[in-house]
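Secondary and tertiary structure notes
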Amino acid sequence: GQQLNQSPQSMFIQEGEDVSMNCTSSSIFNTWLWYKQDPGEGPVLLIALYKAGELTSNGRLTAQFGITRKDSFLNISASIPSDVGIYFCAGFAPGSGNTGKLIFGQGTTLQVKP
Amino acid sequence: EPEVTQTPSHQVTQMGQEVILRCVPISNHLYFYWYRQILGQKVEFLVSFYNNEISEKSEIFDDQFSVERPDGSNFTLKIRSTKLEDSAMYFCASSRGNGNQPQHFGDGTRLSIL
């Protein structure tokens, strides 16, 4: 079945640094979503991407839908302590949009040192 | 901002017992989902539900699982005879439509099977 591979698995950075993480697949996806999960809470939607090549920003966050439709990246600029959490990419494979089956990556754990 | 609410936040149950997890999706959403996250792992799709029918279910969603929308606001997941390996966080999600619409998640129910 379709799988999403996220990298890096974890990151430990200094406050103020920029962060980049990505998500790849061996098969194409029609939609890419980026979620953040804080401890004890559910995933919160950060950015949704619908078209190949699309670049979308949400405050300090920027994400892109890869041209090949097999990858996406998320950048966080000028990180702050509240950026700490687990970031998941998720996507709809062709056909799954109708049934809503979201496939998730393994997550990137971000820690920010003040 | 409207949100998905789940109850209880933590459920402890003896192996073999039935458990019902409850969710109130966002009020104008029509598509409903359950996902599972085993501790430290990625979020996994269980089932999607629309118009009082299951749209898609994963191989995890075997005969021990069932979903129901008993009234106009609640969406439930029942596990008929729980096993130790059912211990996980269970997330409910909803979306306004299909066609790759973003899904919004609740904060989950932690299910612990003893």
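The sections below set out a description of the structure shown in this document. (Residues numbered from 1 in each chain as written. Chains lettered and ligands numbered in written order. Predicted model: local features only at pLDDT ≥ 70, side-chain atom pairs only at ≥ 80, totals over all residues. Heavy atoms only, no water.)

Quick word on the packing of aromatic side chains
Across all of its chains, the model carries 15 aromatic pairs over all chains by this definition. Their ring planes at 80 degrees and their centres at 6.3 Å tell us that Trp32 of chain A and Phe65 of chain A sit as a pair that is edge-to-face. A residue pair is termed long-range when its members are at least 10 positions apart, and Trp32 of chain A in strand 4 (residues 31-37) and Phe65 of chain A in strand 7 (residues 61-65) qualify at 33 residues. Take Trp32 of chain A and Phe65 of chain A: they sit in the same class, and that class is buried. Judged by centre distance (5.2 Å) and plane angle (40 degrees), the rings of Phe49 of chain B and Phe75 of chain B are tilted. Linking Phe49 of chain B in strand 5 (residues 43-50) with Phe75 of chain B in strand 8 (residues 75-79), this pair joins segments that are 26 residues apart in sequence. (Phe/Tyr/Trp six-rings, centres within 6.5 Å; stacked < 30°, edge-to-face > 60°. Helix = DSSP H or I, 4+ residues; strand = E, 2+ residues; numbered from the N terminus. Buried < 20%, exposed > 50% of the residue type's maximum accessible area, 1.4 Å probe, protein only.)

Things to note about the interface of chain B and chain A
In this complex, chain B contributes 20 residues to the contact, which on the side of chain A involves 23 residues. In total, chain B and chain A occlude about 1900 Å² of area from one another, counting both sides; carbon and sulfur atoms represent 54% of this. For the chain B face of the interface with chain A, the top three residues by lost area are Lys42, Asn100 and Phe105 of chain B, together amounting to 31%. There are zero salt bridges connecting chain B and chain A. Where chain B packs against chain A, one counts eight residue pairs in polar contact (both at pLDDT 80 or more). (Contact = heavy atoms within 4.5 Å. Buried area = accessible area lost by both parts, 1.4 Å probe. Salt bridge = Lys/Arg side-chain N within 4 Å of Asp/Glu carboxyl O. Polar contact = N/O pair within 3.5 Å; in protein donor to acceptor, adjacent residues only side chain to side chain.)

Considering the side chain of Thr109 of chain B
All names here are of chain B. Residue position: Thr109 is located in strand 11 (residues 109-113). From its side chain, Thr109 meets the backbone oxygen of Pro8 in a polar contact 2.5 Å long. Sequence-distant contacts of Thr109, defined by excluding residues within four places in its chain, comprise Gln6, Thr7, Pro8, Ser9, Gln11, Leu21, Ala88, Met89 and Tyr90.

Quick word on the sheet that holds strand 8 (residues 71-76) of chain A
Think of a sheet as strands paired side by side through backbone hydrogen bonds, with each pair either parallel or antiparallel. All names here are of chain A. The five strands lie next to each other as 1-3-8-7-6, forming an open sheet whose pairing is antiparallel. The open sheet is flanked by strand 1 (5-7) and strand 6 (55-58), the only strands paired with a single partner. Each strand of the sheet is rotated relative to its neighbour by a mean of 15 degrees, with strand direction disregarded. (Pairing = 2+ DSSP bridges. Axes fitted to C-alpha atoms, helices over the stretch in contact; angles between N-to-C directions.)

Focus: the sheet that holds strand 1 (residues 5-7) of chain B
All names here are of chain B. In space, the four strands of this open sheet follow the order 1-3-8-7, with antiparallel pairing throughout. Strands with a single pairing partner mark the edges of an open sheet, and in this sheet they are strand 1 and strand 7 (65-68). The average undirected angle you get between the axes of adjacent strands in this sheet is 20 degrees. As paired strands, strand 7 and strand 8 are joined by four bridges and run antiparallel to one another. If you follow Ser66 over to strand 8, its bridge partner there is Lys78.

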